[in-house]
Amino acid sequence: MTGEGENMVDRQVIRVLHVVHAFQTGGAERVVLDLTLFSNPTIVNYVCSLSEPHDLVSQLDLATTEFVSLKKRPGNDLRIVCDLARLIDEKRVDVVHAQGWGTLVEALISAKWYARRRPAFIFAFHGKSMAEVSHVIPRRRRAAQRIAHLFTDGCIVPASHMADDYAQTVGLSREKIDVIYNGVDVKKFGRAICPTAREVLGISKSDFVVGFVGRFDAVKDIQGIVKIFARVRESLSNDSRIARLLFVGDGEEKQVAERLASDLGIREYVVFAGLRSDVPRCLAAMDVYLQPSHYEGHSISILEAMATGLPIISTRVGGTPEIVCHGHSGFLFIPGEYDLMASAILDLYRHPGLCAAMGSAGRERVTEHFSVATMVAQYENLYHRLLGIAERPCVV
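The structure displayed is predicted, hence computed values, not measured ones.

Conventions we followed
- Residues numbered from 1 in each chain as written.
- Predicted model: local features only at pLDDT ≥ 70, side-chain atom pairs only at ≥ 80, totals over all residues.
- Heavy atoms only, no water.
- Helix = DSSP H or I, 4+ residues; strand = E, 2+ residues; numbered from the N terminus.
- Expected span 1.5 Å × (residues − 1).
- Buried < 20%, exposed > 50% of the residue type's maximum accessible area, 1.4 Å probe, protein only.
- Contact = heavy atoms within 4.5 Å.
- Core = buried A, V, L, I, M, F, W, Y, C linked by side-chain atoms within 4.5 Å.
- Phe/Tyr/Trp six-rings, centres within 6.5 Å; stacked < 30°, edge-to-face > 60°.
- Lys NZ or Arg CZ within 6 Å of the ring centre and 35° of its normal.

Moving on, we get to helix 2 (residues 78–90). A rise of 1.5 Å per residue sets the reference length of helix 2, with its 13 residues, at 18 Å; its end C-alpha atoms lie 19 Å apart and thus fit the reference within 8%. When helix 2 is considered as a whole, its buried residues turn out to be Ile80, Val81, Asp83, Leu84, Ala85, Leu87, Ile88 and Asp89. Where the residues of helix 2 are buried, they touch strand 1 (14–22), strand 2 (43–51), strand 3 (66–69), strand 4 (95–99) and helix 3 (101–114). Following helix 2 by one or two positions, Arg92 has its phi on the positive side, about 50°.

Let's shift gears to the nonpolar core. By size, the foremost hydrophobic cluster in this structure holds 87 residues, and its most contacted members are Phe247, Tyr289 and Ile313. Among all residues touching Phe247, those that are not within four sequence positions of it are Phe212, Phe216, Ile222, Ile225, Val226, Val270, Val271, Phe272, Ala273 and Gly274. Ranked by size, the runner-up nonpolar core spans 36 residues in total, among them Leu50, Ala85, Val93 and Ala163.

Taken as a whole, this structure holds 12 aromatic pairs when the rule is applied. Judged by centre distance (4.9 Å) and plane angle (75°), the rings of Phe208 and Tyr349 are edge-to-face. Of this pair, Phe208 sits in strand 8 (residues 208–213) while Tyr349 sits in helix 12 (residues 338–350), and the two are 141 residues apart along the sequence. Accessibility expressed as a relative area gives 2% for Phe208, which makes it buried. By relative accessible area, which is 11% here, Tyr349 ends up buried. Relative to Phe272, the ring of Phe216 has its centre 6.3 Å away and its plane inclined at 40°; by these criteria the two rings are tilted. Of this pair, Phe216 sits in the loop between strand 8 and helix 8 (222–235) while Phe272 sits in strand 10 (residues 270–272), placing them 56 residues apart in sequence. Just above the ring of Tyr269 sits the side chain of Arg233; from NZ or CZ to the centre is 3.7 Å.

Structure, rendered in structure tokens:
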């Protein structure tokens, strides 16, 4: 490779460093995973996790993608800036792709000031925490993000609603924020692909299964899932077909959910499967997918459930209405409308034809609009575009 003065447009290889706070199961991290697994051969990917855990490493193709963990200490750790800068120079990185607020400051300072190279810098905003949903984002953080974006070459969000929200919240120019919808590999999902899914999880073929996949985070309203299912169980208590709730994932709210299920008298009907690498199989064991979040970006879990052929019960928040067509591929409600969500699940239980039709419509929508191939191509086009611009624009 030649030095910094080379014409980047003529390069045959683009080296991309994906920076995540922790490479664990989550929407942003799974986007990174797919960007590495489905990338063009001319894209060389590196994944850097600032801290632990990083349970998704087992799903990386380590023959083609190098993984680095910097073991960041709690709070501000200036050592990380130097370590990232050294990594950028050693790997001759062309694009730094930072995922989420937890990586923005350290990755930007490393890329734009500490590294000898001056790679293009992309920031991807994926969503909000429960604290950010419940309260206004602190003024200092908003100011820090606005200043950081003066030096950012590209800002990406996975849904149009999020672009409007992020621009207004932080005070950025909306037209300089690009929308690239998340995508999934539809071929991996479907009940026909995993005919023994229920057997593996200890669930009967005759059971009616409501399920959720993801982090046990308050913003997902994990307690709401248990409460909604309790209403469903109560309505079906005398039915011959047993209703079960299947949780796939882990996180801070897991113990709370377990206690609540016990308190509501439904613990024996709830399966906590934990973190699993066989998500397609787990989804294939479900009849209905439930995700009553207080906020969503552009949910990978919902996309995967739709790709499996499941009708969706969710909330009209964030980018979810851009995925789920209300009344066609699922039902959307206001957060906290537990009775209405339970009624929708019962309608799907009592009308199997509607359940199947909505599932088919959802899979068709994901296939047409949210494929992993389209997502990867759009990101790689952005990399090429930024490297071909002589004067890179800021997003403010």
